[in-house]
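A closer look at the structure
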Amino acid sequence: MGFRLPGIRKASLAANQAPSKSVDVPKGYLAVHVGEKIKRFVIPVSYLNKPLFQDLLSQAEEEFGYDHPMGGITIPCREAVFLDTISHLNRF
């Protein structure tokens, strides 16, 4: 059992399943890859305007420029830091 943060969805993959395609991302959301194990999360597009999330995007730009290895946005922070940031965004 775990907890669920409103506004964030964690994508799950079966052992032999290919990574999800953009079809799996509902309108108004985007996929980001986070952490050492490169977990995929689907978050609301509205987060892009939030200063806390923009800080994470700045880290991604510093690390990868605009060439992200996973084909989407890869955020170079620990999963716990990402989840903490998202939980703060959900409060407002």
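Rules used in this analysis
- Residues numbered from 1 in each chain as written.
- Predicted model: local features only at pLDDT ≥ 70, side-chain atom pairs only at ≥ 80, totals over all residues.
- Heavy atoms only, no water.
- UniProt positions renumbered as here; feature names shortened; annotations may be inferred.
- Helix = DSSP H or I, 4+ residues; strand = E, 2+ residues; numbered from the N terminus.
- Buried < 20%, exposed > 50% of the residue type's maximum accessible area, 1.4 Å probe, protein only.
- Contact = heavy atoms within 4.5 Å.
- Pairing = 2+ DSSP bridges.

- The name that an unreviewed UniProt entry assigns to the chain is Auxin-induced protein 15A, with the source organism given as Glycine max.
- The record in UniProt for the chain states the following under Sequence similarities (unreviewed entry): "Belongs to the ARG7 family."

Let's talk about the overall build of the chain
- Along the backbone of the chain there are 2 helices and 4 strands.
- Helices and strands in the chain line up, N terminus first, as β-β-β-α-β-α.
- Per-residue burial over the chain gives 29% buried out of 92 residues.
- Taking as baseline every contact in the chain between residues at least 6 positions apart, the subset at least 24 positions apart corresponds to 52%.

What about the pairing of strand 2 (residues 29–34)?
- Counted residue by residue, strand 2 has 5 buried out of 6 residues, so it is predominantly covered.
- In this structure, strand 2 lies alongside strand 3 (residues 39–44), joined through 6 bridges in antiparallel fashion. When the bridges of strand 3 are listed, Tyr29 appears paired with Pro44.
- Pairing of strand 2 with strand 4 (residues 73–75), which is carried by 3 bridges, proceeds in the parallel orientation. Residue pairing across strands places His33 opposite Thr74, the latter belonging to strand 4.

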